[in-house]
Amino acid sequence: VYKRQIEDKRLEALLAKNFSDELLVYLGENQKISKVVEKLLGLSQALDYKLASNKLLSTMLLNQLYAKYGNALMLPLSSNVNVSVALLETFYQYGGFEVLCHISANPSTPKHILTELCERNNHALNRHLAVNPSVDLFYLEAFQLDTELMMLMTQNQTFLESIAHK
C-alpha cells in the first residue's frame, strides 16, 4: 500500500477490503497518491491528519482541512510546504513549541518569521532552522560555530551552494 502508485481502480480495491482506520492512515504518507488524493480526504479523521503533512496536497486542499478541523491539524499542517502563508503566520502566533519547530524547518515560512525565530537564539529551534534553505545566509554562517548545527547544515542547499562559491 505504502509505495505503490494508487489510482482509482487500486483505491477502490483497497477500500473494498474495509481496512481499519489505522491501516488507511498509511495511504496518507504515500507520495504516489496524486491521482486519488481528493478521494482520500474525509475517509477518516486519522487519514486527514496524516494527509495534512503530505506535500501532494494543494494549498486549497490544506485550507479545506484546516477549515474542517481547525487547530487540531496545526502540527501536521505547519510542516507542509504547500500550506498558505496566512496559516503559517497564524500557527506562528498561536502554536506551541513543537509547531514552531515545524515552522522553523518549513521552506515556505515567510522571511520575517524565520528572522524572528533565528533571533530567539534557541538551540532547539536552530536545529530546525539549520536545515531550512530559506533561512538567510547570515544566520546559517552564524550557525557554523556550533558543530551540531554545522552537521545539520550539510542538508541545506542554500548553505552548500554558499560554500561551493567561496
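This text follows the structure it describes.
Notes on the structure in this doc start here.

What counts, and at which threshold
- Residues numbered from 1 in each chain as written.
- Predicted model: local features only at pLDDT ≥ 70, side-chain atom pairs only at ≥ 80, totals over all residues.
- Heavy atoms only, no water.
- Helix = DSSP H or I, 4+ residues; strand = E, 2+ residues; numbered from the N terminus.
- Areas by Shrake-Rupley, 256 points an atom, 1.4 Å probe, with all protein chains shown as cover.
- Lys, Arg positive; Asp, Glu negative; His and termini not counted.
- Charge placed at Lys NZ, Arg CZ, Asp CG, Glu CD.
- Axes fitted to C-alpha atoms, helices over the stretch in contact; angles between N-to-C directions.
- Parallel < 35°, antiparallel > 145°, perpendicular 65-115°, else oblique.
- Left-handed = near helix turned anticlockwise from the far one by under 90°.
- Contact = heavy atoms within 4.5 Å.
- Nonpolar A, V, L, I, M, F, W, Y, C, P; charged D, E, K, R; others polar.
- Buried < 20%, exposed > 50% of the residue type's maximum accessible area, 1.4 Å probe, protein only.

**Quick notes on the overall build of the chain**
Step number 1: The secondary structure content of the chain amounts to 13 helices and 0 strands.
Step number 2: In sequence order, the chain lays out its α and β elements as α-α-α-α-α-α-α-α-α-α-α-α-α.
Step number 3: With respect to the principal axes defined by its C-alpha atoms, the chain has extents near 55 × 35 × 25 Å.
Step number 4: By element, 53% of the accessible surface of the chain is carried by carbon and sulfur atoms, the whole surface being about 9,000 Å².
Step number 5: Put simply, the chain has 15 plus and 17 minus side-chain charges, and the middle of one group is 10 Å from the middle of the other.

**Remarks on the packing of helix H7 (residues 85–94) against helix H9 (residues 111–119)**
Any two packed helices are characterised by the angle at which their axes cross and by the distance between the axes.
Step number 1: Between H7 and H9, the least distance of the axes is 11 Å, while the angle of their chain directions is 25°. With respect to H9, the element H7 is oriented roughly parallel. Note that H7 runs across H9; the crossing there is left-handed. Residues Leu-88, Glu-89 and Tyr-92 of H7 pack against His-112, Ile-113, Glu-116 and Leu-117 of H9.
Step number 2: Split into classes, the residues belonging to the contact of H7 with H9 amount to 4 nonpolar, 1 polar and 2 charged.

**Re the environment of Leu-87**
Step number 1: Summarising the element assignment, Leu-87 is placed in helix H7.
Step number 2: Given the relative accessible area of 8%, Leu-87 is considered buried.
Step number 3: For the pair Leu-87 and Val-25, spaced 62 residues apart in the sequence, the C-alpha separation amounts to 24 Å.

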